[in-house]
Amino acid sequence: MCAVKQPTTRTAPAYTEFHPRWYRPQVSVYWWLFQRQYLKFILRELSSVFVAAFVVITLLQLNALRNGPEAYARFQQWLQTPAAIALNVVSFCFVVFHAITWFNLAPSAMAVRLRGKPLPDFMVAAPNYAVWLVVSGAVAWLVLR
Amino acid sequence: MERQSNEAFFWTLFSAGGVIAAILIPVHIFLFGLAFPLGWLPAPSYEHMMALVRLPVVRIYLFVLCSLPLFHWAHRFRYTLFDGLQVKHLNEVIFTLCYGGAVVGTVLAGYLLWNMG
């Protein structure tokens, strides 16, 4: 094994003692763990992993549907296993977190004015929640009909 | 002349996928992942599901529901690895894996829905 540490750009080169030192503060890999806002940011970004997991499960479900009633019944049984329920509980929490943070971005993305006065933030975000409710209701109605 | 960046294109996919994911995925996970398996609501029959999936508009809906959120994931996950874990030297590999995964998922969704019968 190579025990000698390779010289990095952080140490000044040998040919002159007046070479400027690079200012490169080392940031810990865990920089996001110790502040609520940073943690929230990383959790929000991680919600995308559960979005992808949902797509994978949906593709598997479509494949089961295509393979006939027995395959579909087997897949429904798998969805009842504790592991699948646990994954879906965590996914649901993350996806709702994504939805809320996404909807609440609307007031930052666009400044809506009514008669020259800026609308309060919750009035700009509110239509998102209305659409969310209506669309969720419509999907549930179509599936449960 | 400056080289044009593709960032706007990928950001548009990310943003469209974010809207789809926020509005549609919670109700899907609630119904198919929790309410039906746990017996909170009566699960739809195989026949009813097939009748729905046979409708072209439902197939287009499911294609969009699968594809755009994958591009949303690709963008976010790429930058999570980039910023969170600081693996900047693997940028090209991560880019290829993330967007490659999204393309593979999109092709699979298209294949499944096209051949649903």
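Draft legend 1. Representation of the packing of aromatic side chains within the structure. Inspection of every chain in the model, using the stated rule, returns 19 aromatic pairs over all chains. Here the aromatic rings of tyrosine 79 of chain B and phenylalanine 82 of chain B are separated by 6.0 Å at their centres, their planes lie at 80 degrees, and the arrangement is edge-to-face. Here phenylalanine 82 of chain B and tyrosine 79 of chain B lie together in helix H3 (residues 56-84), a separation of 3 residues that amounts to about one turn. Looking at tyrosine 79 of chain B, the relative accessible area reads 24%, which means it is partly exposed. Taken together, the aromatic side chains of Phe9, Phe10, Phe71, Phe95 and Tyr99 of chain B make up a single cluster linked through ring pairs. The ring of tryptophan 141 of chain A has arginine 145 of chain A sitting right over it, with the charged end atom 5.1 Å from the ring centre.

Draft legend 2. Layout of unusual backbone geometry. Positive phi, normally seen in glycine, also occurs at arginine 115 of chain A, with a value near 50 degrees. Take arginine 115 of chain A: it is sitting in the loop between strand E1 (113-114) and strand E2 (117-118).

Draft legend 3. Structural view of a nonpolar patch on the surface. Residues Val29, Tyr30, Leu33 and Phe34 of chain A together with Leu85 of chain B make up a contiguous nonpolar surface patch of about 520 Å² in total accessible area. Relative to the helices and strands, leucine 33 of chain A resides in the segment before helix H1 (36-66). Residue leucine 33 of chain A is classed as partly exposed on the basis of its relative accessible area, which comes to 40%.

Draft legend 4. Region of the structure containing the domain arrangement of chain A. For chain A, the assigned domains are domain 1 (30-95) and domain 2 (104-145). Relative to domain 2 of chain A, the C-alpha centre of domain 1 of chain A lies at a distance of 25 Å.

What counts as what
- Residues numbered from 1 in each chain as written.
- Chains lettered and ligands numbered in written order.
- Predicted model: local features only at pLDDT ≥ 70, side-chain atom pairs only at ≥ 80, totals over all residues.
- Heavy atoms only, no water.
- Phe/Tyr/Trp six-rings, centres within 6.5 Å; stacked < 30°, edge-to-face > 60°.
- Helix = DSSP H or I, 4+ residues; strand = E, 2+ residues; numbered from the N terminus.
- Buried < 20%, exposed > 50% of the residue type's maximum accessible area, 1.4 Å probe, protein only.
- Lys NZ or Arg CZ within 6 Å of the ring centre and 35° of its normal.
- Patch = residues over 30% accessible without salt bridge, like charges linked within 9 Å, V, L, I, M, F, W, Y side chains within 5 Å.
- Areas by Shrake-Rupley, 256 points an atom, 1.4 Å probe, with all protein chains shown as cover.
- Salt bridge = Lys/Arg side-chain N within 4 Å of Asp/Glu carboxyl O.
- Domains from an automatic or database assignment.

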